[in-house]
Amino acid sequence: LQSLDVANNQLRELPAALADCPRLKEANFRGNQLRDKRLEKMVNGCQTKAILEYLRAGGRGKGKAESAREEVRKKKREKQQKKDSGDGEPDDVEEVSKLLVKVLHVSENPTPLVVKVSPGVKDVRAFIVCCVLKGVNLKPGNALKRFLTMQTKLHEDICEKRTVATIATHDFQLVKAPLKYDVQPPDELKIMPLGRKEIKAKDLLRQLQQEAEEQRKQKKRQNVSGLHKYLQLLDGKDNYPCLVDAEGAVISFPPITNSEKTKIRKETRDLFLEVTSDTSLQICKDVMDTLILKIAELNRSTLENKEGSGSDTELDAHCGPGNLNLPLVVEQVRVVDTDGNLKVLYPSKTDLATVSSLLTVIR
């Protein structure tokens, strides 16, 4: 979409998804009585770019993801005000102790990962953002358990019980590239779900729905609870979304499950991270920003606590005081269409900005 003219209509608001149109250069929204009076003034006097930036920032009626971003921005502004008022020394100390993440650009990576998107996903689950995160430590103590708990919590919170986005995490060493984000009919899509045998997607959903119903009866509740709340997101779909590896195996079936094939273990050091959504590309990026921040926090906590370090010499080396500030490395991943045209690159130079008050990004 390059130009849009909806002037002199009866629009009351503009959808935030417009901000996800990278080629939209000319837009005319004049003559609409918008509820957001500030936005109404902007459409009558500002350039399209400024209007889209305002929509991207959330404007009115923000969901949880946008609210979280706004909260981070607020903290960042408050921090800058303190710095400007002359109280700079604590900030310097804070900067040193901040979590570090280094971005490895595609141009610097001899084997960059590419995800090819088929046209069919547009009508099922259109948006996907991916990256590779290297240097995590899940070996000591309950680090892996805390990692999985963190992921569940993000699904409940910023992903709004998986209704706006879904996270999938994989052991990068077990991922066979190149990858394809595709769609398959429910009776053809096969996956080996976490902790289960290989099964067709339609049979898996039937099993999960039966389990959810049993759980509801046992607890004598009116509504289905727990992780089965998102099963209805695929109701009525002729095709299901899936991420397929170079060997043709489905390694992810969003928003339902990952595959046992790329399951994360204590020995995992490098992660392939994937966020999908049928809502917007920006929500995928917001969730990915937060996911990277939370993993960095967990990694720092693990190193500082030196859990179980007495029995692992390799861990002792990684947990030494001088290694606490070693950055995690985020490798850029390109998502392209079937013709090889770039759809999204993550992290781009504008990504990770929402968590910059807590994370130092080396680009």
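One can find the structure itself at the top, above this paragraph.
Residues numbered from 1 in each chain as written. Predicted model: local features only at pLDDT ≥ 70, side-chain atom pairs only at ≥ 80, totals over all residues. Heavy atoms only, no water.

**Brief notes about the packing of helix H1 (residues 37-45) against helix H2 (residues 48-56)**
At their nearest, the axes of H1 and H2 sit 9 Å apart, and the two run at 160 degrees to each other. Between H1 and H2, the angle is such that the two are roughly antiparallel. Classified by chirality, the crossing of H2 by H1 is left-handed. For the pair H1 and H2, the contacting residues are Arg 38, Leu 39, Met 42 and Val 43 in the first and Ala 50, Ile 51, Tyr 54 and Leu 55 in the second. Here the contact of H1 with H2 is composed, by residue class, of seven nonpolar, no polar and one charged. (Axes fitted to C-alpha atoms, helices over the stretch in contact; angles between N-to-C directions. Helix = DSSP H or I, 4+ residues; strand = E, 2+ residues; numbered from the N terminus. Parallel < 35°, antiparallel > 145°, perpendicular 65-115°, else oblique. Left-handed = near helix turned anticlockwise from the far one by under 90°. Contact = heavy atoms within 4.5 Å. Nonpolar A, V, L, I, M, F, W, Y, C, P; charged D, E, K, R; others polar.)

**A word on the pattern of salt bridges**
According to the stated counting rule, one finds 13 salt bridges in the structure shown. Of the charged contacts, one joins Arg 35 and Glu 13 as a salt bridge, the two residues approaching to 2.9 Å between their closest N and O atoms. Linking Arg 35 in the loop between strand S2 (26-28) and H1 with Glu 13 in the loop between strand S1 (3-5) and S2, this pair joins segments that are 22 residues apart in sequence. The class of Arg 35 is partly exposed, set by a relative accessible area of 48%. For Glu 13, a relative accessible area of 54% gives the class exposed. Measuring nitrogen to oxygen at the nearest pair gives 2.6 Å for the salt bridge that ties Asp 245 to Lys 261. (Salt bridge = Lys/Arg side-chain N within 4 Å of Asp/Glu carboxyl O. Buried < 20%, exposed > 50% of the residue type's maximum accessible area, 1.4 Å probe, protein only.)

**A closer look at the layout of surface pockets**
As a volume, the largest pocket reaches approximately 1700 Å³. Every residue lining the largest pocket is counted, 46 residues in all, and those nearest its centre are Asp 20, Cys 21, Pro 22, Leu 281 and Lys 343. At the level of elements, H2, helix H3 (64-84), strand S5 (127-134), helix H7 (281-305) and strand S15 (342-346) are the ones that each hand at least two residues to the lining of the largest pocket. At five residues, H7 tops the list of elements feeding residues into the lining of the largest pocket. Here the residues of the lining of the largest pocket are counted per class, giving 21 nonpolar, nine polar and 16 charged. Residue contributions to the lining of the largest pocket reach at least three from each of two domains, namely domain 1 (3-57) and domain 2 (114-305 + 325-355). (1 Å grid on protein atoms, 1.4 Å probe; cavity = no way out; pocket = protein on both sides within 12 Å on 5 of 7 lines; lining within 4 Å. Points joined across faces, edges and corners; volume = space filled by probe spheres on them. Domains from an automatic or database assignment.)

**What to know about the environment of Leu 133**
Looking at the secondary structure, you find Leu 133 in strand S5. When residues no more than four places from it in sequence are discounted, the contact partners of Leu 133 are Arg 269, Asp 270, Leu 271, Leu 273, Ile 295, Leu 328, Val 329 and Val 330.

**What about the pairing of strand S14 (residues 328-336)?**
Most of S14 sits out of view: seven of its nine residues are buried. Judged from the four bridges that link them, strand S3 (residues 99-104) and S14 form a sheet pairing that is parallel. Bridging from a neighbouring strand, Val 101 pairs with Leu 328 of S14. Direction of pairing for strand S4 (residues 114-117) relative to S14: parallel, over a ladder of three bridges. Note on S14: the bridge partner recorded for Val 115 is Val 335. Note that S5 and S14 share four bridges and pair antiparallel. By the bridge assignment, Cys 131 is partnered in S14 with Gln 332. Relative to S15, S14 is paired through four bridges, and the arrangement is antiparallel. Along S15, the bridge assignment pairs Val 335 with Val 344. Where S14 folds back onto S15 in an antiparallel hairpin, the turn is made up of five residues, including Gly 340, whose phi is positive at roughly 90 degrees. (Pairing = 2+ DSSP bridges.)

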